[in-house]
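Summary of structural features
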Amino acid sequence: MREQTGLPSVVSALAVALLGISAQQGGVVPPLSEGLLSYVSPRVATLLADGQPVGQTVFVAPDGAALTSADVLPVVDGKVLTLRAAGGTLAARFERVDAVTGLALLRPSSPLTGVPYTLVAPSVPLGVGLAMLPSGPARASVTQVNVPGIVGDARTYIPLTEVCLEGTQDTISGTPVFDTQGRLIAILSSSLNGAASAERAAPAVGPSQPVVAFSVTSLSIRRTLAGMLDPKGASRHPYVGIRYAEQDGGRVIITEVSPGGPAASVGLKPGERIVRVGVTSVRSALDVATYLYLLEPGSMAVLTLEQAGITRTVMVPVVPTPSAKP
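Residues numbered from 1 in each chain as written. Predicted model: local features only at pLDDT ≥ 70, side-chain atom pairs only at ≥ 80, totals over all residues. Heavy atoms only, no water.

1. Some remarks on the overall build of the protein chain
For the protein chain, the count of helices and strands is 6 helices and 24 strands. Relative to its full complement of 326 residues, the protein chain shows a buried share of 52%. Residue pairs at least 24 apart in sequence account for 65% of intrachain contacts in the protein chain once pairs closer than 6 positions are excluded. Carbon and sulfur atoms form 55% of the exposed surface of the protein chain, whose accessible area is close to 13400 Å². (Helix = DSSP H or I, 4+ residues; strand = E, 2+ residues; numbered from the N terminus. Buried < 20%, exposed > 50% of the residue type's maximum accessible area, 1.4 Å probe, protein only. Contact = heavy atoms within 4.5 Å. Areas by Shrake-Rupley, 256 points an atom, 1.4 Å probe, with all protein chains shown as cover.)

2. Digging into the pattern of salt bridges
Counted under the stated rule, the structure contains 8 salt bridges. Residues D179 and R183 are paired through a salt bridge, measuring 2.9 Å at the closest nitrogen-oxygen approach. Taking the shortest distance from any N to any O, the salt bridge between E272 and R312 comes out at 3.0 Å. Here R312 lies in strand β23 (residues 310-317) and E272 lies in the loop between α5 (262-265) and β20 (273-277), a separation of 40 residues in the sequence. Residue E272 is classed as buried on the basis of its relative accessible area, which comes to 5%. Judged by its relative accessible area of 29%, R312 falls in the partly exposed class. One network of salt bridges, in which partners are shared, links D63, R93, E95 and R107. (Salt bridge = Lys/Arg side-chain N within 4 Å of Asp/Glu carboxyl O.)

3. What about the side chain of T101?
Secondary-structure assignment places T101 in the loop between β6 (88-98) and β7 (103-108). Engagement of the side chain of T101 in a polar contact is seen with the side chain of D98, the distance being 2.8 Å. Within the structure, the side chain of T101 is placed 3.4 Å from the backbone nitrogen of L103, a separation counted as a polar contact. If we skip the residues at most four places from it in the chain, T101 touches V151, I158, V216, S220, T224 and H237. (Polar contact = N/O pair within 3.5 Å; in protein donor to acceptor, adjacent residues only side chain to side chain.)

4. Details of helix α4 (residues 218-228)
In terms of burial, α4 is a largely internal element, 9 of the 11 residues being buried. S218, L219, S220, I221, R223, T224, L225, G227 and M228 are the residues of α4 that are buried.

5. Focus on the packing of aromatic side chains
Considering all chains together, one arrives at 1 aromatic pair under this definition. For the ring pair Y157 and Y293, a centre distance of 6.4 Å and an interplane angle of 85° mean the geometry is edge-to-face. Linking Y157 in strand β11 (residues 156-157) with Y293 in helix α6 (residues 285-294), this pair joins segments that are 136 residues apart in sequence. For Y157, a relative accessible area of 7% translates into the label buried. For Y293, a relative accessible area of 9% corresponds to the buried category. If you follow R43 out to its NZ or CZ, it ends over the ring of Y39, 3.8 Å from the centre. The aromatic ring of Y293 is capped on one face by R223, whose charged end is 5.0 Å from the ring centroid. (Phe/Tyr/Trp six-rings, centres within 6.5 Å; stacked < 30°, edge-to-face > 60°. Lys NZ or Arg CZ within 6 Å of the ring centre and 35° of its normal.)

Okay, structure coming up:
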């Protein structure tokens with residue numbers, strides 16, 4: 001069981017259906033610089049299913065391991081997979097999916113060494129970056145960070161990065177976005193178009209109406225990579241074993257405690273109200289979700305609870321989220 005919230009308004013990166021984005025007059029504007037493009041290009045590959053492009057991937061290890069969005073899984077089921085990279089075309093296979101972030105790891109079918117790979121940025125900066133679409137490079141603009149979201153099979157709260165792209169015909173899924181130093185800052189998993197996009201001003205992207213797409217943050221990408229590339233597959237996502245919901249007036253109530261989980265081990269019970277997390281007074285479920293998201297396995301969550309007029313403060317061990325599905 002993963003932490004689930006009663007957040008009243010969230011963006012679901014995997015629930016939003018991928019749209020066929022219509023080409024718009026003006027095309028895709030040039031990338032930021034030729035130097036940046038020459039650095040990034042060998043680190044990106046197009047995922048092909050039976051020879052047809054279905055999304056993008058980005059190399060994350062010298063053995064050719066690559067990340068993409070799990071949105072492509074229904075499209076590639078039962079098909080022959082290949083990666084079309086700068087160095088040629090490679091047969092590939094899916095290895096595993098991270099249920100928390102909705103990211104998927106692929107590997108070449110034959111072992112490789114020395115593949116150029118990308119580093120993940122420590123944080124996501126607002127401003128212009130470089131997106132690598134199936135049709136080629138394009139400017140992208142990070143317009144918001146830490147947008148509340150519900151992501152992945154686990155339906156877990158994760159903050160999202162909002163990215164604007166100039167309108168294209170490309171499939172957005174798996175598109176990597178890089179900062180001006182060539183570090184990975186986003187892997188796009190869904191997009192919104194039409195009225196929602198029209199409200200976003202992104203003059204740095206180009207003359208066309210922008211397409212709005214979303215990604216988990218660089219922290220989520222780093223945690224996912226650490227778990228996926230670990231030979232034992234140990235998760236790096238934090239977990240305390242509760243579900244909670246927001247009621248009228250911003251009251252946050254524990255609705256379920258996972259049997260055998262950390263919260264159960266220290267006596268948390270359904271029906272208790274979470275009034276403070278760490279030193280922050282709780283005014284909404286988002287306060288609780290944000291606090292728990294930023295913790296690391298091995299640390300302690302400090303929760304102040306109230307029930308029937310009795311208040312208590314409990315330290316809950318933070319452990320790795322139960323393993324992502326293979």
